[in-house]
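Architecture at a glance
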Amino acid sequence: MRYSIFSLARNALTGHKHWKPAWRQPEPKPEYDVVIVGSGHGLATAYYLAKEHGITNVAVLEKSWLGSGNIGRNTTIIRSNYMLPGNNPFYEWSMKLWEGLEQDFNFNAMVSQRGVLNLFHSDPQRDAFARRGNAMRIDGVDAELLDREDVRAMYPFLDFDNARFPIKGGLLQRRGGTVRHDAVAWGYARGADTRGIDIIQNCAVTGINIEKGKVVGVETTRGSIKCKKLGLAVAGNSSEVAAMAGIKLPIESHVLQAFVSEGLKPYIDGVVTFGAGHFYVSQSDKGGLIFGGDLDGYNSYARRGNLPAMEHVIEGGMAMIPALSRVKVLRSWGGIMDMSMDGSPIIDKTHIEGLYLNCGWCYGGFKATPASGWCFAWTIARNEAHKLNAAYRLDRFRRGLMLDEKGQGAQPNLH
Ligand SMILES: Cc1cc2nc3c(=O)[nH]c(=O)nc-3n(C[C@H](O)[C@H](O)[C@H](O)COP(=O)(O)OP(=O)(O)OC[C@H]3O[C@@H](n4cnc5c(N)ncnc54)[C@H](O)[C@@H]3O)c2cc1C
């Protein structure tokens, strides 16, 4: 069923009794051409496998409910303000897919290009931001370097004269913004299901079957499933699941928290990030401020955080917006991040025939969801990387071709 003004009117006139569920609840079949594990980027991958490559005998296996991972736990920010050649075209392709996504999968994902502003607080930081903005513009990505008065005109309530972190300006990407994260999972799920793909919830993969160096299937909590190709997109569980195939990944699992305040009147109409610490904030349509910052700083599989990280994040927020001291935090949650050693993702095939990897998204894989699914589908369908994900090779760590956008070194907690 296509969603349109006509279907809305028709269903309204018949008491909304005839809407079909957005996706089926199929039993797993004994065999598929492709099995994808994980219902975040995995749903986007399945969608593009069907749409772009005509491969529809596909199952997406999810150990919990659909979209229960980081795709439904993030702070919803999208942007393509990257500097390095290996990253910039990939994230810009993602931005272009976001721009047409709702029409493409016929679902309202509340894509809102409200602008992402990164503040800078010193002259060297301005130079670094100018360089990044120039690299973006050379690649055809929008970027504007704002001075202090430009920023003041947009956000007068920021603490411009903080003695320690005075605001000197910002780098603005107007096409950046926010997207309702659950709706992205639901939209891709509906689009994939409509094309015949089976989405199987409450189905954890417990083993990977390999014969003569080739994937032949998976063991799951709902039985064995054979497949010709297997794609893993399991974020914080990547090391655990790859180990089932005997692969040791350069990934650490860390918890990252997000916070939501009580509802306020419209206050912050874009996304603003603090440049002297790690703090980012936007305001949802319901009025809550959505914000986050650094990882908790220890390895964990628990999807909840602790108070020291909360205190650290909120201190950053109050250094940027003193009025936050009067706002109450309503709730917080955590997600398990797949932190790679250079802060960049991996989208690649492995040395095991038919086994493909999508992981290492660190803090920033939500904005990548469309391009990640698109490139992973390409890699699985054609058994080779697209040029957009050519830099995201697993062997880059061995070959010394790290993609360290932040220049922080091989320390996951710094990315
Ligand atoms: C608090 C927080 C804030 C963030 N903010 C942003 C942001 O503002 N912008 C941004 O771009 N990114 C952000 N991110 C990062 C982003 O959310 C992730 O990088 C991205 O969603 C990862 O997508 P994924 O599909 O790899 O993982 P997920 O969405 O986590 O999907 C993986 C799925 O695999 C399933 N799974 C795991 N093991 C198994 C198994 N054995 N069998 C079956 N299924 C399994 C899990 O249940 C999970 O649903 C944030 C993350 C967090 C936690």
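That block above? That's the structure.
In this report, we go over the structure that sits alongside the text. (Residues numbered from 1 in each chain as written. Predicted model: local features only at pLDDT ≥ 70, side-chain atom pairs only at ≥ 80, totals over all residues. Heavy atoms only, no water.)

Let's shift gears to the overall build of the chain. The helix and strand inventory of the chain stands at 10 helices and 18 strands. Over its C-alpha atoms the chain spans a radius of gyration of 21 Å, differing by no more than 12% from the 22 Å that the globule rule assigns to 415 residues. Its C-alpha atoms give the chain principal-axis dimensions of roughly 65 × 65 × 40 Å. Here the chain, with 415 residues, has 55% of them falling under the buried criterion. Sequence separation of at least 24 residues holds for 74% of the intrachain contacts in the chain that already meet a minimum separation of 6. Separation between the mean location of the 48 positive side-chain charges and that of the 41 negative ones in the chain comes to 4 Å. (Helix = DSSP H or I, 4+ residues; strand = E, 2+ residues; numbered from the N terminus. Rg over C-alpha atoms; globule rule 2.2 N^0.38 Å. Buried < 20%, exposed > 50% of the residue type's maximum accessible area, 1.4 Å probe, protein only. Contact = heavy atoms within 4.5 Å. Lys, Arg positive; Asp, Glu negative; His and termini not counted. Charge placed at Lys NZ, Arg CZ, Asp CG, Glu CD.)

In the neighbourhood of the ligand, 38 residues make up the surrounding shell, with His41, Glu62, Asn70, Thr75 and Lys367 lying closest. Interatomic distance of 3.4 Å between a backbone N/O atom of glycine 69 and an oxygen atom of the ligand. Isoleucine 71 places a main-chain nitrogen or oxygen 2.8 Å from an oxygen atom of the ligand. Summarising the interface, the protein chains cover 97% of the accessible area of the ligand, which totals 1,000 Å² for the free molecule. Among the elements of the structure, strand 12 (251–263) and strand 16 (329–340) are those that each provide at least two residues to the shell around the ligand. Per-element tally for the shell around the ligand: the top contributor is strand 12, with three residues. (Near = heavy atom within 4 Å. Polar contact = N/O pair within 3.5 Å; in protein donor to acceptor, adjacent residues only side chain to side chain. Areas by Shrake-Rupley, 256 points an atom, 1.4 Å probe, with all protein chains shown as cover.)

Our focus in this paragraph is the layout of surface pockets. In this approach, a probe sized like a water molecule rolls over the atoms, and the result shows the empty space that is left. There is about 570 Å³ of room inside the second largest pocket. Contributing to the lining of the second largest pocket are 26 residues, with Arg180, His181, Ser284, Lys286 and Ile290 lying nearest its centre. Top element by residues in the lining of the second largest pocket is strand 12. It accounts for four residues. Of the residues contributing to the lining of the second largest pocket, the split by class is six nonpolar, 12 polar and eight charged. (1 Å grid on protein atoms, 1.4 Å probe; cavity = no way out; pocket = protein on both sides within 12 Å on 5 of 7 lines; lining within 4 Å. Points joined across faces, edges and corners; volume = space filled by probe spheres on them. Nonpolar A, V, L, I, M, F, W, Y, C, P; charged D, E, K, R; others polar.)

Below, the discussion takes up the environment of asparagine 134. Looking at where asparagine 134 falls in the secondary structure, it is placed in helix 4 (residues 123–138). Between the C-alpha atoms of asparagine 134 and methionine 83, which are 51 residues apart in sequence, the distance is 8.5 Å.

With that settled, consider the nonpolar core. Judged by nonpolar contacts, the single largest core of 49 residues is most densely connected at Leu43, Tyr48, Phe90, Val184 and Tyr188. Broken down by secondary-structure element, the contributors of at least two residues to this core are strand 1 (31–37), helix 2 (41–53), strand 2 (58–61), helix 3 (88–105), helix 6 (181–194) and helix 9 (369–382). Apart from residues no more than four positions distant in its own chain, valine 184 is found in contact with Ile71, Trp98, Phe105, Ala109, Val179, Phe366 and Thr369. Membership of the second largest hydrophobic core comes to 29 residues, among which are Val205, Ile208, Leu355 and Leu357. (Core = buried A, V, L, I, M, F, W, Y, C linked by side-chain atoms within 4.5 Å.)

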